[in-house]
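The lines below spell out each chain.
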Amino acid sequence: MLEVSARRTGVALTERQKISWLRLIRSDNVGPVTFRDLINHFGTAERALDALPELSRRGAGARTFRVATTAEAERELEVAHRLGATFIGIGEPNYPFALRQIDGAPPLLAVKGNLNAAFRPSLGVVGSRNASASGAKFAAMIARDAGRAGYVITSGLARGIDTAAHRASLESGTIAVLAGGIDRPYPPENVGLLNDIMAGQGLAVSEMPFGWEPRARDFPRRNRLIAGISLGVAIVEAANRSGSLITARYAADFGRLVFAVPGSPLDPRCHGTNDLLKQGAIVTTTSDDVLDGLAPLSQHTLPFPTGAGEPAQEMHSIQSARLADGDRATITDALGPTPVEIDDVIRHTGLPAAEVYLALIELDLAGRLNRHASGLVSLNIEQ
């Protein structure tokens, strides 16, 4: 059985802080990265909330900026309590330890079930919704063997491979990451499976509000969470352009291991996994291939950020930044529709990093900034 040398660290948010965090992340155009920068700039979510409309105006927002109200946040907390769920902040002890370490981790997660599952090292197992019998059997074998070795299995509650992985790890522990709210699981036929997960050794996780019906664009966000929670992901039967390949790409971006199960070149469900192998994924034909790959990652002390989160993670210091109109225009002119690294914008403009980050906050809140993978940004020319 795997033993992980890590301690639960962090500081719990007060009820007042949690309401402010919830309001901030539910306000217009505030994603995880902007949330982090706002907390770093203003010190607390409460002060950031007061400044949001003015920041949006400076970024030349085209419409009135909506700040989530206290009543809305309190209602969402009430719904969570009624459903037996809760919210975990990124600086709190029960936040998934691996997820803390990625750029743009959700500041708040809605969770329901056994919180111990979030603390344990995880293996992601995903694949085709239209899985073959042999593919589902192999996914179940990996999940079962990894569970016995001490890993919690993380997947997306989808049909096929996801379902097989969850069912095989019900007793050892499994995390279901949802694209919609915890009270809006998809697909409907897996509601019973989700209830079994939450009632046993598993956990349901979502970054979306309660009542949120999942849309097509929400599933890549779910896949990103699967990759972020896990030390590695095993891909079993994935067609080209499938969601499983999105999970694999995120895993590679986060420095996670990617395991791929080879399949027949005549089976379209295996084209994606076979391509992953060509790109350097770990050939996986037995559970030992996965366990041997993960073992070195699980034997070291797991890193934790220190502190609670107000101010949040270690970030570029922009607390004292002041931005003149001319400098704001210089930064905006340096951006375009082509994604660029923020460091390149800083070098190009010759302005202090703090001022550039403040300008990006303003543009983001105004809906004029696109954030891309690996921290790249571009100007939203549709605004």
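Model, not experiment: these values are computed from the prediction.

A closer look at the pairing of strand β5 (residues 174-177)
At step 1: Of the two faces of β5, the one carrying Thr174 and Ala176 and the one carrying Ile175 and Val177 are both buried.
At step 2: What joins strand β4 (residues 152-155) to β5 is helix α7 (residues 161-168), and the crossover it makes is right-handed.
At step 3: With 3 bridges joining them, β5 and strand β6 (residues 203-206) adopt parallel strand pairing. Paired with Ala176 across the two strands is Ala204, which belongs to β6.
At step 4: In terms of handedness, the path from β5 via helix α8 (residues 191-199) over to β6 forms a crossover that is right-handed.

Considerations on the side chain of Ser378
At step 1: Examined against the element boundaries, Ser378 turns out to sit in strand β11 (residues 377-379).
At step 2: Separated by 2.7 Å, the side chains of Ser378 and His372 make a polar contact.
At step 3: Filtering out sequence-adjacent residues up to four positions away, Ser378 remains in contact with Gly336, Pro337, Thr338, Pro339, Arg368, Leu369, Asn370 and His372.

Comments concerning the nonpolar core
At step 1: In this structure, Leu24 and Leu38 are the most contacted members of the largest nonpolar core, which totals 87 residues.
At step 2: Of the residues forming this core, the biggest block, 8 residues, is contributed by helix α15 (residues 353-365).
At step 3: Membership of the second largest hydrophobic core comes to 23 residues, among which are Ala98, Ala139, Ala234 and Phe259.

About the cut-offs
Throughout this document, residue positions are counted from 1 along each chain, in the order its sequence is written. Local features in this predicted model are restricted to residues whose pLDDT is 70 or higher, and side-chain atom pairs enter the listing and the counts only when it is 80 or higher, whereas totals over whole chains, interfaces and linings include all residues. Excluding hydrogens and water, the side-chain figures rest on all heavy atoms present in the structure. Buried, partly exposed and exposed residues are distinguished by accessible area as a fraction of the type maximum, computed with a 1.4 Å probe on protein chains only: under 20%, between the cut-offs, and over 50%, respectively. A run of H or I in DSSP becomes a helix once it reaches four residues, and a run of E becomes a strand once it reaches two; helices and strands are each numbered from the N terminus. Crossovers are marked right-handed if the path from the first strand over the helix to the second runs clockwise, as seen with the strands pointing away from the viewer. For two strands to count as paired, DSSP must find a minimum of two bridges between them. We call two N or O atoms a polar contact when they sit within 3.5 Å, provided that within protein one can donate a hydrogen and the other can accept it, with sequence-adjacent residues counted only if both atoms are side-chain atoms. We call two residues contacting when some pair of their heavy atoms lies within 4.5 Å. Note on terminology: a nonpolar core comprises buried Ala, Val, Leu, Ile, Met, Phe, Trp, Tyr and Cys residues joined through side-chain atoms within 4.5 Å.

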